[in-house]
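# Residue-level structural notes
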Amino acid sequence: MTEGDYGRSPALAGSVSSDLEESEEKALSKRVYIETYGCQMNEHDTERMLRLLEGVSYNETKEPKEADFILINTCSVREKPEHKIYSALGRFKKLKEENGAIIGVAGCVAQQEGERLLDRIPYLDMVIGTQAIPMLPQLLQTIEVSGKRVCETGFDKNRKYLEAIFPQKPLGEIKSYVTIMQGCDHFCSFCIVPYVRGREQSRPSREIIEEVKYMAEMGVKEVSLLGQNANGYGRGLEGELAFPGLLRQINEIDGIERIRFTTSHPRDLSEELIQAYSRLSKLCEHIHLPFQSGSNKILKAMHRGYTRESYLEKIDRLREICPSIALTADVIVGFPGEEEGDFRQTLDLMEKVRFDDLFSFKYSPRKGTRSAQFEDRVEEKVKQERLSILQEIQKETTLQKNQALAGSAEEILVEGRSKQSDRDVTGRTRSNKIVNAEGDLSLVGKLVPVRITKGYAHSLRGELVPHQCRLQSASCGVKSSEFLI
Ligand code: SAM
Ligand code: SF4
């Protein structure tokens, strides 16, 4: 942790300014609007940038037309999100003409395109790469003072971009992300990440522990550890803990009730990590383990470093150790050279595993990656057909798995009001499924037992287990005294 450049230290961050100071601050402050594309990593980067900008009196607005600074945090993993960014820039051009807003692009597209973006978009003021986030306030100031357009996309050898950025105001959040590593060294042949996020770098565990403890002091109950391959944590850091060791330490932190991590590479899923699911009480029973394809021929061309057999063995082992574990994954259809038989192998793997949910994508060639050179491309129409077939099958599996939960007892962490009804609250099970149940806002931030009454395509319906019933937990089939509110 560093003070100064990156915000106040934990001890100072809790101090409350007087109402007067606050209203004066508000009057002087400017507004920032950040539009975020892509993965949780990007969402977390957006949070970090907002924290940094608070330190130079920029407060968040959800309305682009109110903003003095508009920043688009971009994703270039596939072509579609990349295209959306150019249309977003088109929308914001008008706002710049109307109120002179400063416009910037951050994230993977910024890293990839650099100065070319400034050349291509004359009204763009700032391009800020993935490792330059700590420089955001400084870059903004340069534009404000000099009117110069700026571009910063260097990779940061001093690893400052990995350091925590502590919030200056109480978070008021019950769930929080903590980055444990950045970048990737796996170089899957389809993937742009190693080029736009840099080489794999883990943060020292003591910094991570310090950040999680701070989050716990701020009232956070659930922490999600983030990394392109979170389960490869510690590689290359001399004398550092491996991932299961890091989980053990976080499991000891008072106040943290749940631990999640995303995402994992099958190659880095060790027996020790599998065992952690039965040993660590706070580790939630869910793993996101992308398989990408069920065909060994395609896995080899993707340079994934495992086979369908070894993937399935790991799934069996996970289920042996933790029978209730929920499984989700990423899969790509239409990778170059994917024939009908390869696609059938993917469907077969899905049938064998019966995932709780899947993120499925059509292969999208990315400039600079190895597979972009492969010639045996699959026709767009075939890719679309395969994607639709796969998604239909998964939709049915997800629904069946959710329906099968009817009658079961689950614990949810209540997050807030449900979007569907003012009488309902919403939360997630340890297996990461959304549950809506009738209840009031006094439950927010609490772990409460629910009985599932119905399963739908994207969520579950539940009812809170009455207090009395919780006291007689055995007769209700609700297993733990943790269920007491
Ligand atoms: N590190 C994770 C892993 O190894 O599985 C994945 C991170 S990647 C940012 C997220 C997902 O995007 C991948 O799992 C993959 O399914 C998808 N993806 C990445 N590159 C892609 C491409 N060129 N075309 C289609 N999907 C892609
Ligand atoms: Fe991309 Fe492969 Fe690294 Fe995942 S492991 S981020 S898919 S290169």
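Above: the structure in question.
Residues numbered from 1 in each chain as written. Chains lettered and ligands numbered in written order. Predicted model: local features only at pLDDT ≥ 70, side-chain atom pairs only at ≥ 80, totals over all residues. Heavy atoms only, no water.

### Topic: the sheet that holds strand β10 (residues 222-226)
Sheet architecture is open: 3 strands sit in the order β7-β10-β11, paired in parallel fashion. In this open sheet, the two strands that pair with only one neighbour each are β7 (175-179) and β11 (258-262). The mean angle between the axes of side-by-side strands here comes to 25°, regardless of whether they run parallel or antiparallel. Summarising the sheet, β7 and β10 pair through 5 bridges and their orientation is parallel. Across the sheet, the residue bridging to S176 is V223, located in β10. In the packing of helix α3 (residues 40-54) onto the sheet, the strands contacted are β7, β10 and β11, and the crossing angle to β7 comes to about 100°. (Pairing = 2+ DSSP bridges. Helix = DSSP H or I, 4+ residues; strand = E, 2+ residues; numbered from the N terminus. Axes fitted to C-alpha atoms, helices over the stretch in contact; angles between N-to-C directions. Contact = heavy atoms within 4.5 Å.)

### Comments concerning the site of ligand 2
In the vicinity of ligand 2, the contacting residues are C184, H186, F187, C188, F190, C191, V193, P194, Q228, N229, H265 and R304. Partitioning the shell around ligand 2 into residue classes produces 7 nonpolar, 4 polar and 1 charged. (Near = heavy atom within 4 Å. Nonpolar A, V, L, I, M, F, W, Y, C, P; charged D, E, K, R; others polar.)

### Here we look at the nonpolar core
If you look at the biggest cluster of nonpolar residues, it comprises 53 residues, and the most contacted ones within it are L225, F291 and F355. In this structure, F355 is in contact with F291, Y311, L327, T328, A329, L349, M350, Q394, T397 and K401, ignoring residues within four places of it in sequence. (Core = buried A, V, L, I, M, F, W, Y, C linked by side-chain atoms within 4.5 Å. Buried < 20%, exposed > 50% of the residue type's maximum accessible area, 1.4 Å probe, protein only.)

### Examining the packing of aromatic side chains
Throughout the structure, instances matching the rule amount to 10 aromatic pairs. Considering the side-chain rings of Y58 and F69, the 6.2 Å spacing of their centres and the 80° angle between planes classify their relative orientation as edge-to-face. Of the two residues, Y58 sits in strand β2 (residues 58-60) while F69 sits in strand β3 (residues 69-74), which places them 11 residues apart along the sequence. Like Y58, the residue F69 is buried in the burial classification. Each ring, one from F291 and one from F355, has its centre 5.2 Å from the other, and the planes form 5°; the classification is stacked. Of this pair, F291 sits in the loop between β12 (286-288) and α12 (296-302) while F355 sits in the loop between α14 (340-353) and β14 (357-362), and the two are 64 residues apart along the sequence. Taken as a pair, F291 and F355 share a single burial class, namely buried. Within the aromatic cluster, the residues linked to one another by ring pairs are F190, F335, Y363 and F374. (Phe/Tyr/Trp six-rings, centres within 6.5 Å; stacked < 30°, edge-to-face > 60°.)

### Points about the pairing of strand β17 (residues 434-438)
Bridging between strand β16 (residues 424-429) and β17 involves 5 bridges; their strand directions are antiparallel. In the sheet register, D424 faces β17, and the bridge partner there is E438. Linking two consecutive strands that pair antiparallel, namely β16 and β17, is a turn of 4 residues; a positive phi of about 75° is found at N432 within it. Examined bridge by bridge, β17 and strand β19 (residues 460-464) share 3 bridges and lie parallel to one another. Bridge pairing in β19 links N436 to R461.

### Looking at helix α15 (residues 380-403)
Its 24 residues give α15 an end-to-end C-alpha distance of 34 Å, which sits within 8% of 34 Å, the value for a rise of 1.5 Å per residue. For α15, the complete set of buried residues consists of K383, R386, L387, L390, Q394, T397, T398 and N402. Turning to α15, the residues buried within the fold contact β13 (326-333), α14, β14, β18 (447-455) and β19. (Expected span 1.5 Å × (residues − 1).)

### Brief notes about the sheet that holds β13
Whether parallel or antiparallel, the strands of a sheet pair through hydrogen bonds between backbone atoms. Reading across the sheet, the 3 strands line up as β12-β13-β14 and stay open at both edges, with parallel pairing between neighbours. Two strands in the sheet have a free side with no partner beyond their single neighbour: β12 and β14. Direction aside, neighbouring strands of the sheet carry axes that sit 10° apart on average. Where β13 and β14 come together, 6 bridges link them in parallel fashion. Bridge pairing in β14 links I332 to F361.

### A closer look at the side chain of T46
Examined against the element boundaries, T46 turns out to sit in helix α3. For T46, a relative accessible area of 8% puts it in the buried group. When near neighbours in sequence (up to four residues on either side) are disregarded, T46 contacts I34, T36 and N73.

Geometric values such as these leave the question of function open.
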